[in-house]
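# Working through the structure, step by step
Residues per chain are reported as follows:
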Amino acid sequence: MSTLLIHNGHLIDPAAGVDSTKDILLKDGRVAEIAAPGKIKTGNGAGSNAEILDATGLTVAPGLIDIHVHLREPGQAHKETIATGTAAAAAGGFTAVAAMPNTNPVNDSPEITRWMLSPDRGASVRVYPIGAATRGSKGEQINDFAALKAAGAVAVTDDGHPILKDSIMRETLAAAARVGLSVIQHAEDTRMSQGASMNAGPIAFKLGLRGMPPEAESGLVERDIRLVTELKDSRVHLHVAHTSTAAAIAAVRQARRNGLRVTCEVAPHHFLLTEEHVGQYNTNAKMNPPLRSAADRDAMIEAILDGIVDAIATDHAPHATHEKEVEFEHAPNGITGLETALGLCLHWLHKEWKLPLGRVLSLLSAQPAALLSLKGRGTLAVGSFADVVVFDPKAEWTYHAKETRSKAHNTPFDGWTMQGKVRWTISEGRIAYAAPQ
Amino acid sequence: MNASTATATTRRQLQRPQTPASSFPYNPGSLLSVVDLDLATISHLLARATTLENQDPLTRDRILFKRRIALLFYESSTRTRTSFELAAKSLGADTTLVSSLSSSIEKGETLKDTGLTLRALGAEAIIIRHNSSGAPWLLEQETRLPILNAGDGMHEHPTQALLDLRTILAHLRPGVETVSADTLSGVTVTIVGDILHSRVARSNMLLLPRLGARVILCGPPPLLPDSAANAGPGITVERDFEAALHQSQVVMMLRIQAERLAGLQLDLTQYRDAYQLTGQRLSTHAPTALVMHPGPIIRGLEITAGVADGPQSAILEQVRHGVAIRMAVVERALTATGMQARA
């Protein structure tokens, strides 16, 4: 295995408390040594035969981790494959992605989990499958969580088919806790969102579209928190996916005050865009949960700045172009996100809203790693996986969807200004992405 | 406590990403929404409707002689379809009708492909009715042809609002064709019934207040959400039909759209009791108001037969105004040039 020396970059590793110029030696897929610039000997010392990456003027950080992506395999390779999705991840600075189970068939078995992890899939970065909570994600029969975990699953969820029955959700939380897995819930009371294609409110009314009320999200979050409370088991971990409403954030905030292990993620589109971006039926502004009101969007910003949010996750949801070129209410939900997350977070969270760089990077690496207990990820402490992103923090650039490495182009951020350009993404010691020079 | 308040204030001053400006319509001949029409264009259409209506049919049919216009209908229609067809033919255009039940749409062809096919067949403009809100925007984006929205889902029906305006003007402002922001000052128009599912209601509530009218929306909560009042300026919600009637010079009745109720259960007896326009209600609360209905009417449900056929009813007059307005709109579709897309 090759040896890499990242020379003279500004290392920011929030988990290890490092924020200074360093040399980093990566060997055998792990971080071998960190030292002041020039102190690692490349002649015949530990760094002999190392390929040197000159990171002068660049930021070096733990590879980014996205705990909510849709890689579409098995079954929907026309939208994305594990190979193309992880190539986009690498281009965006991500070195690990957690793949949702709403594939075809649903990832509800160790066989499918192992299939996704096979080297034959050609993944550029580490893939962590998330198993389905129930058989076929139908919300009726709980899967064998121990077997899913043994096969490599890091959490369970029925994602787009939220578990509505109290009894099943209670059993899911308890069973997952027994084997040390988190339960991720896409919080949407689907009984309240029949036929809906955007946020409920005056804009949906004006556009003649059926609306999803914010209560469909917050109501289910509140129900889930009640179930966690009733279980009285400190091992229970509920993670609220793609939180989009002020009321859901308030419920999470309260649960945390009550000492419960309840975490949440927010997607860039939910802290940047509002229902106004639907404009004239732009299907690239259609996702679930939908873009919400300005007040909800502002609540997401505040929750991130206040430290209530545990992770930024993209909900990368690729679709073929022809699938989005249809009537708004018939278009599938979702947008891509892996290549735009870092640039948007640095531009808005850091540059505009002054969140310290270390905290932005922590939301994109250390915290999501801790949340799903991804051992050896999210930090560059010696001995950790050699998962690194090297980026130019000063570079301003424009994102062009047509240049994406994903199979899909469905993004509302085409043409947006990004801050911070990825130079190299290194996955377990191997260069997974190098910016075209 | 103080610190957190201060932070919240600071944060509210944070810069947010801009909402992109609408780039529709692309084609100056398109009519997608009443929102896209400025008062000058509305005045132009009203004047052209009158001129075209009075013109000798033998010279009128030279205006769009042999031009090709496609009617693409995904929903059934009597009035709108026939009226557009007669309007286009009166101007000399060749029309062809594609309806979802007798075309490749049944075989799964998408709206994009159907639109591109019609364009390849030589269609110079497409008049579309579709059961999905926003479908005309998609069709315009894909074909860049002049698109006339003949009703999209629960969204808009702009030519209906224009013909309703012409009907209202004929009664309340006879002779007026050049409209301004106060042409309808002092006029209250009540729209009654299934507002939620009505594209006619939306187009009227977005058009009439721009000419100074007050619009009252009236109906039960399941068919009229409170948020409707925020759809635009000059719109209020009043649940009490008789209180609304009392203030109105115009009352527009709407059909309950059974095909769009999506599982909503309605007690029709209760509905009739509260919202049916009866002779008794009309004579007590609005004895001189103009009674309108976009059709189709369901006699005995939202309106009694006596009122529909009575002296205050303008229902058939609306249909007549429809042909004139659509002549003006179809003419504009194929002759408008140089107009800028709305900022």
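Residues numbered from 1 in each chain as written. Chains lettered and ligands numbered in written order. Predicted model: local features only at pLDDT ≥ 70, side-chain atom pairs only at ≥ 80, totals over all residues.

## Some words on the overall build of chain A
Formally: Where helices and strands are cited, they refer to DSSP runs of H or I of at least four residues and of E of at least two residues respectively, numbered from the N terminus. The size measure is the radius of gyration over C-alpha atoms, and the globule rule it meets is 2.2 Å times the number of residues to the 0.38 power. Field definition: a residue is buried when 20 or more other C-beta atoms are found within 10 Å of its C-beta, exposed when 12 or fewer are, and partly exposed for counts in between, with C-beta atoms placed from the backbone. Contact definition: two residues whose C-beta atoms, as placed from backbone geometry, lie within 7 Å.
If you tally the helices and strands in chain A, you get 13 helices and 19 strands. Relative to the 2.2 N^0.38 estimate, which gives 22 Å for 437 residues, the radius of gyration of chain A is 21 Å and therefore close to what a compact globule would have. If you line up chain A on its principal axes, its C-alpha atoms span 65 × 45 × 40 Å. Put simply, chain A has 437 residues, and 61% of those count as buried. Long-range contacts, defined as pairs at least 24 residues apart, comprise 74% of the intrachain contacts of chain A with a sequence gap of at least 6.

## A word on the overall build of chain B
Looking only at helices and strands, chain B has 13 helices and 9 strands in total. Rg of the C-alpha trace for chain B: 21 Å, near the compact-globule value of 20 Å for 343 residues, within the 12% margin. Along the longest, intermediate and shortest principal axes, the C-alpha atoms of chain B span 65 × 65 × 45 Å. Taking all 343 residues of chain B together, the buried fraction comes to 46%. The contacts of chain B with a sequence gap of at least 6 include a subset with a gap of at least 24, amounting to 76%.

## What about the pairing of strand β19 (residues 430-434) of chain A?
Residue and element names in this part refer to chain A. Our working definition: A pair of strands is treated as paired once DSSP finds two or more bridges between them.
Here 4 bridges tie strand β18 (residues 417-427) to β19, and the two strands are oriented antiparallel to one another. Across the sheet, residue T425 finds its bridge partner in β19, namely Y433. Between the end of β18 and the start of β19, which pair antiparallel, lie 2 residues, with E428 showing a positive phi angle near 50°.

## Some words on the confidence of the model for chain B
Residue and element names in this part refer to chain B. Put simply, the test is: Residue-level confidence of the predictor is summarised by pLDDT, bounded by 0 at the bottom and 100 at the top.
When the pLDDT values of chain B are averaged, the result is 92; 95% of them are 70 or greater. Ignoring residues within four places in sequence, the model shows residues 1-10, a span with pLDDT below 50, making 0 contacts including any to other chains. Confidence drops under pLDDT 50 across residues 339-343; counting only partners more than four residues distant or on other chains, this segment forms 9 contacts. If you check the scores for this complex, the pTM reads 0.94 and the ipTM reads 0.92.

## Things to note about helix α9 (residues 294-306) of chain A
All names here are of chain A. The criterion, for reference: Given a helix with a known number of residues, its expected span is that number minus one, times 1.5 Å.
The terminal C-alpha atoms of α9, which comprises 13 residues, lie 18 Å apart, in line with the 18 Å expected from a rise of 1.5 Å per residue. Turning to α9, its buried residues are D296, R297, A299, M300, I301, A303 and I304. In the segment just after α9, G307 is the residue with positive phi, at about 85°.

## A short note on the sheet that holds strand β14 (residues 238-240) of chain A
Residues and elements named next belong to chain A. Our working rule: Every axis in this analysis is a line fitted to C-alpha atoms, fitted for helices over the stretch in contact. Angles between the N-to-C directions lie between 0 and 180 degrees.
Strand order in this open sheet of 6 strands is β9-β10-β11-β14-β15-β16, and the pairing throughout is parallel. Two strands close off the open sheet at either side, each with one partner strand: β9 (131-132) and β16 (311-312). The pairing of strand β15 (residues 262-266) with β16 spans 2 bridges and is classified as parallel. Its bridge partner lying in β16, E265 is registered against A311. Against the sheet, helix α6 (residues 214-231) engages β11 (182-185), β14 and β15, with an angle of about 170° to β14. Together, β14 and β15 form the strand contacts of helix α7 (residues 246-257), whose direction differs from that of β15 by roughly 150°.

## Let's talk about unusual backbone geometry
Looking along the chain, the bond that leaves B:F24 and enters B:P25 is cis, with omega of -10°. Within the element layout of this structure, B:P25 appears in the loop between α1 (2-12) and α2 (39-54). For the peptide bond that leads from B:G295 to B:P296, omega is -10°, which places it in the cis range. For A:K354, which is not a glycine, the phi torsion comes out positive at approximately 65°. Secondary-structure assignment places A:K354 in the loop between α11 (341-352) and α12 (357-364).

## So, the packing of α2(B) against helix α13 (residues 315-335) of chain B
The angle between the axes and the distance between the axes are what describe a pair of packed helices. All names here are of chain B. Here is the rule we go by: We call two directions roughly parallel when the angle between them is under 35 degrees, roughly antiparallel when it is over 145, roughly perpendicular when it lies between 65 and 115, and oblique otherwise. Crossing handedness is read from the near helix: turned anticlockwise from the far helix by less than a right angle, it gives a left-handed crossing, and turned clockwise, a right-handed one. Side-chain classes are defined by residue name, with Ala, Val, Leu, Ile, Met, Phe, Trp, Tyr, Cys and Pro counting as nonpolar, Asp, Glu, Lys and Arg as charged, and the others, Gly among them, as polar.
Interaxial distance between α2 and α13 falls to 8 Å at its minimum, and their mutual angle equals 110°. One element, α2, and the other, α13, form an angle in the roughly perpendicular class. The crossing of α2 and α13 is right-handed. In this structure, α2 contributes L45, R48, A49, L52 and E53 to the contact, and α13 contributes A324, I325, M327, A328, V329, E331 and R332. A class-by-class count of the residues in the contact of α2 with α13 yields 8 nonpolar, no polar and 4 charged.

## Digging into helix α4 (residues 79-90) of chain B
Residue and element names in this part refer to chain B. Between the first and last C-alpha of α4 there are 16 Å, a value that for 12 residues agrees with the 16 Å anticipated at 1.5 Å per step. Every buried residue of α4 is listed here: T80, S83, F84, E85, A87, A88 and S90. G92, located one to two residues past α4, shows a positive phi value of around 95°.

## Quick word on the packing of α6(A) against α7(A)
All names here are of chain A. The contact between α6 and α7 brings their axes to 8 Å, and the two run at 15°. Comparing their axes, α7 and α6 come out roughly parallel. Along this stretch, α6 crosses α7, giving a crossing that reads as right-handed. In contact with P214, E217, S218, V221, E222 and I225 of α6, α7 contributes A247, A248, A251, V252 and A255.

## Concerning the environment of A:T81
Residue and element names in this part refer to chain A. Summarising the element assignment, T81 is placed in the loop between β6 (64-69) and α1 (82-91). In the structure, T81 is positioned 49 residues away from A32 in sequence and 32 Å away in space, judged by C-alpha atoms. Ignoring anything within four residues of it in the chain, the contact list for T81 reads R72 and E73.

## Observations concerning the sheet that holds strand β9 (residues 290-292) of chain B
All names here are of chain B. One open sheet holds the 5 strands; their spatial order is β7-β6-β5-β8-β9, and the pairing between them is parallel. Each edge of the open sheet carries a strand with a single partner, namely β7 (235-237) and β9. Geometrically, the sheet is characterised by an average inter-axis angle of 20° between neighbouring strands, direction not taken into account. Pairing geometry for strand β5 (residues 188-192) and strand β8 (residues 250-253), over 4 bridges, is parallel.

## Observations concerning the domain arrangement of chain A
Residues and elements named next belong to chain A. Applied cut-off: Each domain span listed reflects an automatic or database assignment of domains.
The domain boundaries assigned to chain A delineate domain 1 (3-60 + 385-434) and domain 2 (63-371). On a C-alpha basis, the centroid separation for the pair domain 1 and domain 2 is 27 Å. Counting residues per element, the ones that place at least two in the side of domain 1 that touches domain 2 are β17 (388-398), β18 and β19. With 8 residues, β18 is the largest single contributor of residues to the side of domain 1 that touches domain 2. The residue inventory of the side of domain 1 that touches domain 2, partitioned by class, reads 16 nonpolar, 10 polar and 4 charged.

## Side note on the environment of B:I42
Residues and elements named next belong to chain B. Considering the arrangement of structural elements, one finds I42 in helix α2. Note on I42: 22 C-beta atoms within 10 Å, which makes it buried. Here the alpha-carbon distance between I42 and E177, two residues 135 residues apart in the chain, equals 8.8 Å. Each residue touching I42, except ones within four places of it in the same chain, is listed here: L37 and V179.

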